[in-house]
Amino acid sequence: MWIVVGLGNPGKKYAAHRHNIGFLVADELARRHHFAPAKQKHGSELCSGTITGERVALVKPMEFMNVSGYAVQRAMGFFRVAPEQAVVIHDDIDLDFATVRVKAGGGHGGHNGLRSIIDQTGSRDFVRVRVGVGKPEGAQSAGKEERDRRVADYVLSPFPHGAESEVADAIGRAADAVEIVLARGAFAAMNEVNGKAEQRV
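In what follows, the accompanying structure is described. (Residues numbered from 1 in each chain as written. Predicted model: local features only at pLDDT ≥ 70, side-chain atom pairs only at ≥ 80, totals over all residues. Heavy atoms only, no water.)

Here's the deal with the side chain of Asn194
Tracing the sequence through the fold places Asn194 in helix α6 (residues 186-200). Apart from residues no more than four positions distant in its own chain, Asn194 is found in contact with Arg101, Val102 and Ala189. (Helix = DSSP H or I, 4+ residues; strand = E, 2+ residues; numbered from the N terminus. Contact = heavy atoms within 4.5 Å.)

Shown next, in the form of structure tokens:
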């Protein structure tokens, strides 16, 4: 059994924000694989089904990003899933816009959702599907407080006007990446997905 977690913030106010790309990819996976409508359970919108022959619980934490690890920990405990059998889909400001990469383990890189999951599960060993949203202009040269403010404002804002097709394409490729992880494992996915990402640059 696998748990696939799409990270985002609950509520219509945040639905189209960069920070919610994980929710959008989770929705695409549910659509592709004809999952039943999600139910509210363990602090998440949760549905289950089969992807590439693997049993999967698809989890969208309904607690805000910086405390989303609580819902993930509860879901992992309920389904008795080890961290290595969890895939977390999230936005990443350190990747160019619409770039998709796969990573096995690692730190949180300043991402509050990943930080919360690591804190609550006590593990960094989950697989990540990272979707690039780009960086706010001038953030690198700003002081820490100003940089943090600019990053927060940036990820909590909509994708740029006219980028709908690029966003849809990135969502599709991130869903593809999750399918490869489930079918062939994280390292096969890293070789295939990250290689394609390099070719796109």
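Some words on a nonpolar patch on the surface
The grouping of Phe64, Val67 and Tyr70 at the surface amounts to a nonpolar patch, some 260 Å² of accessible area in total. Looking at the element boundaries, Phe64 is found in the loop between β4 (54-61) and α2 (68-79). (Patch = residues over 30% accessible without salt bridge, like charges linked within 9 Å, V, L, I, M, F, W, Y side chains within 5 Å. Areas by Shrake-Rupley, 256 points an atom, 1.4 Å probe, with all protein chains shown as cover. Salt bridge = Lys/Arg side-chain N within 4 Å of Asp/Glu carboxyl O.)

Quick notes on α2
Counted at 1.5 Å a residue, the expected span for α2 with its 12 residues is 16 Å, and the 17 Å between its end C-alpha atoms agrees. Along α2, the residues classified as buried are Ser68, Gly69, Ala71, Val72, Ala75, Met76 and Phe79. End-on view of α2: buried residues confined to an arc of 160°, all on one side of the axis. Buried-residue contacts for α2 involve β1 (2-6), β3 (44-51), β4 and α3 (112-121). Immediately downstream of α2, the backbone of Arg80 shows phi near 55°, a positive value. (Expected span 1.5 Å × (residues − 1). Buried < 20%, exposed > 50% of the residue type's maximum accessible area, 1.4 Å probe, protein only. Arc of directions from axis to C-beta.)

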